[in-house]
Amino acid sequence: MRQRVHLGVINLRLLPADITALQLPTARDPRLTAACRLVLKDLSQPRILTWPAGRVGVGERQSGRLLLAEFGGTCPEWRANARILQAMIELSEGATVTQAAHRCGWATPSAFIDTFTRVMGRTPGSYRR
């Protein structure tokens, strides 16, 4: 009887993960794909998509239209999702909250904690554990 209670508690605590929420969409347009790769290469830099878009031959307005068409959102929204996803990877690989914050481009750990908590519904420290 006691063992069943423990298994029941464990099963209640193990909620299935929403895998789609953990995926960063990929672009079909090769120019947007290349621009996104440049941003993802170093998330610690506070770059907006117009910086790499210009390097792959896409203007500011066109890159905005491509993002909206392909991802249904703006560059800051896409980049925020990329940063959160990378922070989750960093934390799961053992980085401290401060290390993940800096590697993923937050100016301060407290700004990272606030954003992570709003998006994920839990603190990065609890996610790390």
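Up top is the structure.
Just so it is clear, the structure is predicted and the values come from calculations on it, not from any experiment. (Residues numbered from 1 in each chain as written. Predicted model: local features only at pLDDT ≥ 70, side-chain atom pairs only at ≥ 80, totals over all residues. Heavy atoms only, no water.)

Regarding the packing of helix 2 (residues 30-41) against helix 5 (residues 75-92)
Axis separation between helix 2 and helix 5 bottoms out at 11 Å; the angle between their running directions is 45 degrees. Relative to helix 5, the element helix 2 lies oblique. Considering only the axes of helix 2 and helix 5, their crossing is right-handed. On helix 5, the residues touching Cys 36, Val 39 and Leu 40 of helix 2 are Trp 78, Arg 79 and Ala 82. (Axes fitted to C-alpha atoms, helices over the stretch in contact; angles between N-to-C directions. Helix = DSSP H or I, 4+ residues; strand = E, 2+ residues; numbered from the N terminus. Parallel < 35°, antiparallel > 145°, perpendicular 65-115°, else oblique. Left-handed = near helix turned anticlockwise from the far one by under 90°. Contact = heavy atoms within 4.5 Å.)

Examining the side chain of Glu 90
One can find Glu 90 in helix 5. Note on Glu 90: relative accessible area 13%, which makes it buried. Those residues in contact with Glu 90, other than ones at most four positions away along the chain, are Ala 95, Ala 100, Arg 103 and Cys 104. (Buried < 20%, exposed > 50% of the residue type's maximum accessible area, 1.4 Å probe, protein only.)

Some points on the packing of helix 5 against helix 7 (residues 109-120)
When two helices pack together, their arrangement is given by the angle between the helix axes and the distance between those axes. Between helix 5 and helix 7, whose axes approach to 11 Å, the crossing angle comes to 100 degrees. Regarding the angle of helix 5 to helix 7, the classification is roughly perpendicular. Residues Ile 84, Ala 87, Met 88 and Leu 91 of helix 5 touch helix 7, and the partners they reach there are Phe 112, Thr 115, Phe 116, Val 119 and Met 120. Residues of the contact of helix 5 with helix 7, tallied by class, amount to eight nonpolar, one polar and no charged. (Nonpolar A, V, L, I, M, F, W, Y, C, P; charged D, E, K, R; others polar.)

Some thoughts on the state of the cysteines
This structure, assessed with the given rule, holds zero disulfides. Among the cysteines around Cys 36, which has no disulfide bond, Cys 75 carries the closest sulfur, lying 7.8 Å off. Cys 75 sits in the buried class, given a relative accessible area of 14%. (Disulfide = S-S within 2.5 Å.)

Read these as spatial facts, not as claims about activity.
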